[in-house]
Amino acid sequence: MARKKKISPFTVLNYALFVLIGIIMVYPFWYVVMYSFSDPSRSDLSSLYLWPEGFTLSAYAYAFSKKILLTGFLNSVFLTVVGTAVNMALSVMLAYPLSREKLPGKRFFSAFVIFPMLFSGGMIPTYLVIKQYGLLDSLWSLIGYMAVNVYNLLILTKFFKSIPESLIEAAKIDGCGDVMTLIQIVLPLSKASLATIALFYAVQHWNEFLYSTIYINTDSKWPLQVVLRNIIDMVANDLNNSGAVTMNPENFKMATIVITVIPIICVYPFLQKYFTKGVMMGSVKG
Amino acid sequence: MAAGVKTVRGAAPNRTLWKTIKGYKALYLLMVPGLLYFILFRYVPMFGLVIAFKDYDIFKGIWESEWVGLQNFRDLIDSPDFWNVMKNTLVISFVKILIGFPIPILLAILLNEIRHVRFKKVIQTCIYLPHFLSWVVISGIMLNLFSPVFGLAGTFFRTFGLEPVNIMAQKGTIFWVVIFSDIWKEAGWSTIVFLAALTQVDMNLYEAAKMDGANKIQQMIHITIPAISSIIIVMLILRIGKIMNAGFEQILVLQNPVTRESIDIFDTYVYREGLQMGSYSFAATVDTFKSVIALILVTSANKISKLFGEEGLV
């Protein structure tokens with residue numbers, strides 16, 4: 001009995017290792033936050049370690065005075081809200097029929113939605129096609145192109161399949177049509193899964209950068225990620241020119257990063273509650 | 001609808017089949033918007049790949065441009081850039097797997113040994129976080145941290161009396177920056193699958209091993225790893241199936257004109273040649289080449305993983 005209480009060197013090392021790993025994962029964010037609040041006039045910010053040097057909100061005031069950041073934020077909010085709504089509508093409407101074993105042609109439709117996971121037209125033909133649709137330089141190109149994520153669709157289908165057939169049959173006997181069954185029986189039973197998928201979609205929209213750079217040219221239509229990317233680049237160029245900028249560009253950059261990340265941090269606790277389940281609902285069996 | 005016919009059991013007369021289908025009318029109608037999406041945004045671009053066999057003319061469009069046969073593919077083989085991006089894509093993917101694949105397994109096994117529930121939760125919160133941040137954000141953080149002028153890296157070099165170098169702007173070091181930043185971002189997240197597999201391991205085995213005097217390391221080697229070996233193999237196969245994707249977004253934001261050549265991969269090359277330079281046909285040819293190889297790899301990976309009794313990702 002007494003031996004059980006003894007803490008082995010392995011346990012000590014293991015805890016120490018994870019403390020170290022935890023610090024490596026989180027410190028960069030703390031560093032950015034610290035930097036963004038530090039006083040830009042102190043020239044020696046390279047000595048930042050644990051606590052801001054001075055404290056000022058000037059980097060944030062400067063950031064919010066930039067019109068492009070504001071439009072970027074609003075564009076990203078629009079994309080995330082409307083995009084996720086479209087995602088959920090289309091995914092539910094596709095996943096439910098695909099989850100019905102008896103649907104004639106089910107195997108064909110499943111193959112039809114899975115094949116694009118294996119093979120795609122690629123960047124160039126997709127770009128040219130979106131151009132032909134007249135969607136280039138419009139936020140709708142992103143909402144359209146990202147309307148269904150096959151992986152999320154499959155997770156949702158799997159979940160709908162796990163709903164007992166007897167419940168659905170019972171609803172049918174009570175005279176519920178397929179659509180009513182979906183709305184009144186299936187959806188209320190799937191709240192947690194729907195929340196998981198919606199969060200995945202929302203984060204995907206918020207973080208989306210690649211397609212925005214490809215499809216959107218006008219800077220007033222840029223989502224926040226593209227704006228941030230350009231601030232990072234522009235700042236680098238400014239530094240090469242001279243010290244003529246009124247704001248220390250690095251502080252401005254760090255404040256922009258914090259603004260970009262805050263919505264993710266806000267939903268992170270909810271995400272964390274659901275994502276393990278979400279990942280395991282996916283096809284990989286544990 | 002031809003495939004629909006096959007799934008109905010027995011040789012039902014056509015009228016009955018029609019009746020069955022009509023019974024599902026509402027479900028078919030529900031699928032229409034989603035299927036339309038797949039046709040418009042996924043299947044039509046596949047046909048757009050024909051421009052790999054054409055000389056794309058902006059004014060004539062995809063369908064009217066002139067056919068050039070395999071000319072684009074000949075240009076491809078003659079292009080030194082092509083062989084460079086091919087080499088980079090394979091090497092970056094390979095090293096990412098070689099170093100990045102075992103780390104989450106090790107982390108999961110070690111994390112599984114931690115009995116303090118609160119501590120474990122806090123650590124999980126920390127290590128999953130980077131997965132949810134975009135590469136743009138991460139590159140912004142890295143550019144500052146690793147800057148020899150104002151970043152921590154500069155301080156680090158000066159403390160040890162070394163000449164500060166910018167590891168993100170040098171040909172020799174950018175490769176490792178790509179590898180390790182990817183591990184930093186995804187290693188924690190990748191533990192989830194293995195952690196879940198570990199909860200299935202029979203605890204009695206450990207008790208028995210303890211009786212026989214096995215220490216922690218021996219228990220890991222002889223019980224834990226064999227118990228999760230099938231999931232390890234499946235994850236590895238699926239990862240290898242995606243070897244043609246070496247990390248488009250990551251490399252796009254991390255490369256600069258100096259480091260470009262040493263980390264240029266298929267996707268960044270296609271992006272630059274096609275969308276920035278306007279050589280649509282040539283870029284699409286490179287993409288076709290990549291897609292076909294990826295298709296072969298992914299389908300084989302799924303076939304093989306099914307042999308191990310696990311479902312693939314698709």
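Residues numbered from 1 in each chain as written. Chains lettered and ligands numbered in written order. Predicted model: local features only at pLDDT ≥ 70, side-chain atom pairs only at ≥ 80, totals over all residues.

## With respect to the overall build of chain B
Part 1: A count of helical and extended segments in chain B gives 18 helices and 2 strands.
Part 2: Relative to the compact-globule value of 20 Å for 314 residues, chain B shows a C-alpha radius of gyration of 26 Å, a clear excess of over 25%.
Part 3: Structurally, chain B occupies a C-alpha span of about 70 × 60 × 35 Å along its principal axes.
Part 4: Counting all 314 residues of chain B, 36% fall into the buried class.
Part 5: In chain B, 64% of the contacts between residues at least 6 apart in sequence involve partners at least 24 apart. (Helix = DSSP H or I, 4+ residues; strand = E, 2+ residues; numbered from the N terminus. Rg over C-alpha atoms; globule rule 2.2 N^0.38 Å. Buried ≥ 20, exposed ≤ 12 C-beta atoms within 10 Å, placed from the backbone. Contact = placed C-beta atoms within 7 Å.)

## A short note on the overall build of chain A
Part 1: Assigned secondary structure in chain A consists of 14 helices and 0 strands.
Part 2: The N-to-C order of helical and strand elements in chain A reads α-α-α-α-α-α-α-α-α-α-α-α-α-α.
Part 3: Residues classed as buried in chain A amount to 39% of the 286 residues present.
Part 4: Taking the contacts inside chain A whose residues are at least 6 apart along the sequence as the reference set, 70% of them involve residues at least 24 apart.

## A closer look at the packing of helix α2 (residues 9–37) of chain A against helix α9 (residues 135–145) of chain B
Part 1: Put simply, α2 of chain A and α9 of chain B touch, their axes get as near as 10 Å, and they point 75 degrees apart. In this view, α2 of chain A runs roughly perpendicular relative to α9 of chain B, as classed from their interaxial angle. Counting all contacts with α2 of chain A, which are made through Pro28, Tyr31, Val32 and Tyr35 of chain A, the residues of α9 of chain B involved are Ile141, Asn144 and Leu145 of chain B.
Part 2: Across the contact of α2 of chain A with α9 of chain B, the residue classes break down as 6 nonpolar, 1 polar and no charged. (Axes fitted to C-alpha atoms, helices over the stretch in contact; angles between N-to-C directions. Parallel < 35°, antiparallel > 145°, perpendicular 65-115°, else oblique. Nonpolar A, V, L, I, M, F, W, Y, C, P; charged D, E, K, R; others polar.)

## Some words on the interface of chain B and chain A
Part 1: Listed by partner, the interface residues are 80 residues for chain B and 80 residues for chain A.
Part 2: When residues in the side of chain B that touches chain A are grouped by element, the largest group, 14 residues, is from helix α3 (residues 25–48) of chain B.
Part 3: When the residues that make up the side of chain B that touches chain A are grouped by side-chain class, the tally is 53 nonpolar, 20 polar and 7 charged.

## A closer look at the nonpolar core
Part 1: Among the nonpolar cores identified, the biggest contains 135 residues, and Leu94 of chain A together with Phe194 of chain B are the most heavily contacted of them.
Part 2: At 10 residues, the largest contribution of residues to this core is made by helix α4 (residues 67–99) of chain A.
Part 3: Apart from residues no more than four positions distant in its own chain, leucine 94 of chain A is found in contact with Val113, Val148 and Leu153 of chain A together with Met31 and Gly34 of chain B. (Core = buried A, V, L, I, M, F, W, Y, C linked by C-beta atoms within 7 Å.)

## Some points on the confidence of the model for chain A
All names here are of chain A.
Part 1: When pLDDT is averaged along chain A, the result is 85; 88% of the residues meet or exceed 70.
Part 2: Mean pLDDT across the elements of chain A ranges from a minimum in helix α1 (residues 2–5), with 52, to a maximum in helix α7 (residues 139–145), with 96.
Part 3: Across residues 238–245 the pLDDT falls below 50, and counting only partners more than four positions away or on other chains, this stretch makes 3 contacts in the model. (pLDDT = per-residue confidence, 0-100.)

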